[in-house]
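# An overview of the molecular structure
Residue strings, one per chain:
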Amino acid sequence: MTLKKKKIVIAIDGFSSCGKSTFAKSIAARLGYIFIDTGAMYRAVTLYALEQGAIRSGIIDEDAVVALLPKIEITFRFNPRRGASDIYVNGDLAEGRIRSIEVSNCVSGVSSIKEVREKLVAMQQQMGRDRGVVMDGRDIGTVVFPDAELKIFMQADAKVRAERRYKELTEKGDKVTMEEILENVISRDKADMSRAISPLRKAEDAIVLDNSYLTVEEQMSWFMERYEAIIAQ
């Protein structure tokens, strides 16, 4: 059986700012798979909640967020200039806006709302029903696709992750400090691991990838060894 004929689900979970999306995009491009950025989906709901006043001064009105869910349509459209898909909320491009520090500070709280997770998990499972997908997030290998053929759990030193995030935001012109970003990274880790609904945790059969000091090329080489071993089974 050739590699192209055997389609699998690749689930990538891990901490914030570990480069999960970049890693997943590279894998999808290499294999010709569909990439689904589930973190962007939670950020999209958070952005919409902020714009609709369901979050004020960092305080999340959970009932108001739940009431907005039937009004939110999330879609992905391929952007040939970026070579990746952009996310749209109700037909409006939201790719840049979902990466703001304001959204980052609220997304863990929104993600912990039971109804939000139920809606997005159902959407994600529908997107991956035909296999041949790479999906990254916090609960892909544990909740969304517990039967995924290849599960990877990514981690990296908190300071390294904060430095990556700081570089990303400042290059876009955002006015942030390194201290603010590091505090956000640490607080998100705590929130993601301690929430009652689908907390961040490593699936028992997931393979750990610590990419604190690995290049993109080294990470891809690491991945291909594991992928080929799965395909050969």
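In this text the structure is predicted, and so the values were computed from the model without any measurement. (Residues numbered from 1 in each chain as written. Predicted model: local features only at pLDDT ≥ 70, side-chain atom pairs only at ≥ 80, totals over all residues. Heavy atoms only, no water.)

### Focus on helix α2 (residues 38-51)
End to end, α2 covers 20 Å across 14 residues, agreeing with the expected 20 Å (1.5 Å per residue, within 8%). The element α2 is extensively covered by neighbouring structure, given that 12 of its 14 residues are classed as buried. Listed in full, the buried residues belonging to α2 are Thr38, Ala40, Met41, Tyr42, Arg43, Ala44, Val45, Thr46, Leu47, Tyr48, Ala49 and Leu50. With a side-chain oxygen lying 3.2 Å from the backbone nitrogen of Gly39, the N-terminal cap of α2 falls on Asp37. Just past α2, the residue Gly53 takes up positive phi, approximately 85 degrees. (Helix = DSSP H or I, 4+ residues; strand = E, 2+ residues; numbered from the N terminus. Expected span 1.5 Å × (residues − 1). Buried < 20%, exposed > 50% of the residue type's maximum accessible area, 1.4 Å probe, protein only. Polar contact = N/O pair within 3.5 Å; in protein donor to acceptor, adjacent residues only side chain to side chain.)

### Focus: the nonpolar core
Counting residues in each nonpolar core, the largest one holds 37 residues, and the members touching the most others are Val45, Val65, Ile72, Ile74, Ile87 and Val116. Mapped onto this core, the elements with two or more residues apiece are β1 (9-14), α2, α3 (62-68), β6 (84-89), α4 (101-111), α5 (114-127), β8 (133-137) and α6 (140-144). The dominant element in this core, judged by the number of residues it contributes, is α2, at 9 residues. Sequence-distant contacts of Ile87, that is, excluding residues within four places in its chain, are made with Ala40, Met41, Ala44, Ile74, Thr75, Phe76, Asp92, Leu93, Ala94, Glu95 and Ile98. The next biggest cluster of nonpolar side chains, apart from the first, holds 29 residues, and it includes Phe15, Leu31, Phe153 and Leu209. (Core = buried A, V, L, I, M, F, W, Y, C linked by side-chain atoms within 4.5 Å. Contact = heavy atoms within 4.5 Å.)

### Focus: unusual backbone geometry
Even without a glycine there, the phi angle at Ser57 is positive, about 55 degrees. In this structure, Asn90 is a non-glycine residue whose phi angle is positive, near 55 degrees. Topologically, Asn90 is positioned in the loop between β6 and β7 (92-93).

### Focus: the side chain of Asn211
Secondary-structure assignment places Asn211 in the loop between β10 (207-210) and α9 (216-231). A residue is classified by how much of its surface remains accessible, and Asn211, at 2% relative accessible area, is buried. If sequence neighbours within four positions are ignored, Asn211 has contacts with Cys18, Met154, Gln155, Ala156, Arg164 and Gln219.

### Comments concerning the sheet that holds strand β5 (residues 74-79)
If you walk across this open sheet you meet the 3 strands as β5-β6-β7, and the pairing is antiparallel. At either margin of the open sheet sits one strand with a lone partner, and together these are β5 and β7. With 6 bridges connecting them, β5 and β6 associate as antiparallel partners. Across the sheet, Thr75 pairs through a bridge with Tyr88, a residue of β6. (Pairing = 2+ DSSP bridges.)

### Considering the pattern of salt bridges
In the structure shown here, the tally under the stated rule is 14 salt bridges. Of the charged contacts in the structure, one is a salt bridge between Lys114 and Glu118, with a shortest N-O distance of 2.7 Å. Placement of the pair is Lys114 and Glu118 together in helix α5, with a separation of 4 residues, close to one helical turn. Take Lys114: its relative accessible area is 43%, and that puts it in the partly exposed class. On the basis of relative accessibility, which here comes to 43%, the residue Glu118 falls in the partly exposed class. The partner of Glu171 in a salt bridge is Lys167, and the shortest N-O contact between them spans 2.7 Å. Note that Glu171 and Lys167 are positioned in helix α7 (residues 158-171) at a spacing of 4 residues, about one turn of the helix. Given a relative accessible area of 49%, Lys167 falls into the partly exposed group. Residues joined in a network through salt bridges with shared partners are Asp37, Glu95 and Arg99. (Salt bridge = Lys/Arg side-chain N within 4 Å of Asp/Glu carboxyl O.)

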